[in-house]
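Here are the chains, one letter per residue:
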Amino acid sequence: MTKFARIAIVAGLGAMTAACGSGGFLNRDRPDEFAVQRQAPLVVPPDFNLVPPAPGSPRPSEGTASEQALDALFGGPAPRSSVETSVLDRAGTAVPGIRSAVGDPQTATVAKGSVTRDIIAAPEGDGASAVAVIPS
C-alpha cells in the first residue's frame, strides 16, 4: 500500500469520526426536537356524567368479532338474493339436537373402504415405528 493511500484512509476515517461528534469545529445551531411543536393546553371535558364501561363488555363503536368480519368481507349486512332465499327455504329448519345425533350408531354412513378403517383403527403414536408397504 502506498504512502498516499494510507494518508487518504487515515484522513477519511478522521473525517468520519469528526462527523459523529456534536462539538468541535463542526458545531452548528440545530433546532431542539422537543420544542418544534407547540403543546396544546390541557382541557377538562365538559361532560362529567360519563359512566365507565362494564368490565368485559364490548365497546359500542367496535361491535362483535363476527360483525367486524362481515363488514370486512362483504361491506356490512346485505339482503339475501332470491336464489339464496330459495335454497334456505328448501333446506328447511334443522332439528335442534342434530349435532348430538351425528355420532349415533343408528346414523347411516358411507363405507370408505379397508384403508380408511385401518387408518382410523391405527394406534396413536409419534409415527416412529410406521412402515410403508407398496403392494406389487
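Note that the structure is predicted; figures quoted are calculated from it, not measured.

Each value, and the rule that gives it
Residues numbered from 1 in each chain as written. Predicted model: local features only at pLDDT ≥ 70, side-chain atom pairs only at ≥ 80, totals over all residues. Heavy atoms only, no water. Helix = DSSP H or I, 4+ residues; strand = E, 2+ residues; numbered from the N terminus. Buried < 20%, exposed > 50% of the residue type's maximum accessible area, 1.4 Å probe, protein only. Areas by Shrake-Rupley, 256 points an atom, 1.4 Å probe, with all protein chains shown as cover. Salt bridge = Lys/Arg side-chain N within 4 Å of Asp/Glu carboxyl O. Patch = residues over 30% accessible without salt bridge, like charges linked within 9 Å, V, L, I, M, F, W, Y side chains within 5 Å.

> It is not clear to me how the overall build of the protein should be interpreted in this structure. Could you clarify?
Broken down by element type, the protein carries five helices and zero strands. In the protein, the succession of α and β elements from N to C terminus is α-α-α-α-α. Out of the 136 residues belonging to the protein, those deemed buried represent 1%. Accessible surface computed for the protein: about 13,700 Å², of which carbon and sulfur atoms make up 62%.

> Would you explain the pattern of salt bridges in this entry?
It is possible for side chains of opposite charge to pair when their charged atoms get near one another. The tally for this structure, following the rule as stated, stands at one salt bridge. With its nearest N and O atoms 3.6 Å apart, the salt bridge here joins Glu84 to Arg80.

> Help me understand a nonpolar patch on the surface in this model?
Nonpolar side chains collect at one region of the surface, where Met1, Ile9, Leu13 and Met16 lie side by side and expose about 460 Å² of accessible area between them. Note on placement: Met1 falls in the segment before helix 1 (3–20). Judged by relative accessible area, which is 69%, Met1 ranks as exposed.

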